[in-house]
Amino acid sequence: MSPRVIEGIAELKTLVGEEVGVSDWFAVAQSRIDAFADATDDHQWIHIDAERARSESPFKTTIAHGFLTLSLLPQLAAQAVRVAGDFKMGINYGLNRLRFVSPVASDSRIRGHFTLQAVEDIAGGAQIIWAVTVEVEGGPKPALVAEWLVRYYQ
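Residues numbered from 1 in each chain as written. Predicted model: local features only at pLDDT ≥ 70, side-chain atom pairs only at ≥ 80, totals over all residues. Heavy atoms only, no water.

J.: What exactly am I supposed to notice about a nonpolar patch on the surface here?
T.: On the surface, Met89, Ile91 and Tyr93 cluster together into a nonpolar patch covering about 280 Å² of accessible area. Following the sequence through the fold, Tyr93 ends up in strand E5 (residues 89-100). Judged by relative accessible area, which is 44%, Tyr93 ranks as partly exposed. (Patch = residues over 30% accessible without salt bridge, like charges linked within 9 Å, V, L, I, M, F, W, Y side chains within 5 Å. Areas by Shrake-Rupley, 256 points an atom, 1.4 Å probe, with all protein chains shown as cover. Salt bridge = Lys/Arg side-chain N within 4 Å of Asp/Glu carboxyl O. Helix = DSSP H or I, 4+ residues; strand = E, 2+ residues; numbered from the N terminus. Buried < 20%, exposed > 50% of the residue type's maximum accessible area, 1.4 Å probe, protein only.)

J.: Where do I start with the nonpolar core in this structure?
T.: One recurring pattern in soluble globular proteins is that nonpolar side chains are buried together. Ile9, Leu12, Val28, Ile110, Ile128 and Trp130 are the most contacted members of the largest nonpolar core, which has 38 residues in total. Ignoring any residue separated from it by four or fewer positions in sequence, one finds Ile128 in contact with Ile9, Leu12, Leu116, Ala118, Val119, Trp148, Leu149, Val150 and Tyr152. (Core = buried A, V, L, I, M, F, W, Y, C linked by side-chain atoms within 4.5 Å. Contact = heavy atoms within 4.5 Å.)

J.: Can you walk me through the environment of Ser57 in this structure?
T.: Along the chain, the position of Ser57 falls in the loop between helix H4 (50-56) and helix H5 (66-71). Look at Ser57 and you get buried, because its relative accessible area is 2%. As a C-alpha pair, Ser57 and His113 span 56 residues in sequence and 29 Å in three-dimensional space. Discounting residues that sit within four places of it in the chain, Ser57 has contacts with Trp45 and Arg52. Polar contacts involving the side chain of Ser57 include one to the main-chain amide nitrogen of Phe59, which spans 2.9 Å. (Polar contact = N/O pair within 3.5 Å; in protein donor to acceptor, adjacent residues only side chain to side chain.)

J.: It is not clear to me how the pattern of salt bridges should be interpreted in this structure. Could you clarify?
T.: For side chains of opposite charge, pairing can occur when their charged atoms come near one another. The tally for this structure, following the rule as stated, stands at four salt bridges. For Glu137, the salt bridge is made with Arg109, and the minimal N-O distance between the two is 2.8 Å. Here Glu137 is found in the loop between strand E7 (125-136) and strand E8 (144-153), whereas its partner Arg109 is found in strand E6 (residues 108-122), with 28 residues between them in sequence. Taking the relative accessible area as the measure of exposure, Glu137 reaches 40% and is therefore partly exposed. Arg109 sits in the partly exposed class, given a relative accessible area of 33%. Here Arg111 and Glu135 are joined by a salt bridge, their closest N and O atoms 2.5 Å apart. One end of the pair, Arg111, is in strand E6; the other, Glu135, is in strand E7, and 24 residues separate them in sequence. The exposure class of Arg111 is partly exposed, given its relative accessible area of 24%. Look at Glu135 and you get partly exposed, because its relative accessible area is 21%.

J.: Is there a simple way to explain the packing of aromatic side chains in this structure?
T.: Remark: the centre distance and the inter-plane angle together describe each pair of aromatic rings, the angle taken between the planes. What the rule picks out here adds up to four aromatic pairs. Seen in terms of ring centroids, Phe67 and Phe100 are 5.5 Å apart; in terms of plane orientation they differ by 75 degrees. Their pairing is edge-to-face. Taken together, the positions of Phe67 in helix H5 and Phe100 in strand E5 put the pair 33 residues apart, joining distant regions of the chain. With a centroid separation of 6.5 Å and an interplanar angle of 50 degrees, the aromatic rings of Phe114 and Trp148 are classed as tilted. In this pair, Phe114 is assigned in strand E6 and Trp148 in strand E8, connecting sequence segments 34 residues apart. Accessibility classification places Phe114 together with Trp148 in one group, the buried group. The structure contains a cluster of three or more aromatic residues connected by ring pairs, namely Phe114, Trp130 and Trp148. Sitting above the plane of the Tyr93 ring, Arg151 keeps its charged end 3.6 Å from the centroid. (Phe/Tyr/Trp six-rings, centres within 6.5 Å; stacked < 30°, edge-to-face > 60°. Lys NZ or Arg CZ within 6 Å of the ring centre and 35° of its normal.)

J.: Looking at this structure, I do not really get helix H2 (residues 30-40). What am I missing?
T.: In an α-helix, one turn spans 3.6 residues, which is why side chains three or four residues apart end up on the same side. Of the positions making up H2, those classed as buried are Gln30, Ile33, Phe36 and Ala37. Along the axis of H2, the buried residues cluster in a sector spanning 120 degrees; they form a single face. Every exposed residue of H2 that faces more than 90 degrees away from the buried side is listed here: Ser31, Asp38 and Ala39. Among the structural elements, strand E3 (26-28), helix H3 (45-48) and H5 are those in contact with the buried residues of H2. (Arc of directions from axis to C-beta.)

Okay, here's the thing in structure tokens:
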């Protein structure tokens, strides 16, 4: 699936309040969870020990780190929406709100929903505020909900 292309900040401003894009499904494999554990030195058994998780975890399987799910937002966003324009750069400016609502079991699939909350003019560009929900395929609740700030500089 190709991302929705938005032609610049002016068009983006017309979309405030709308769900602008939805990503493809993205598989969260145990190998990715293990690599994230190595990269962050977070080797808690609920993430990497499948046998122990089967017997001791209420989820009966290993689960992704919440911060792994968060780190996938740029990947999911790139699949969902692209803001075209003559920008020098776009930067991740941070989060106003973030909750890890439910776990992402290993080998499950997630996808991101991106609703445009606000477009604000700033010196040299614009700040975009996305309301993001990451759903787990077949899950009753989202894995993550966030208010994500992205800045584009011209």
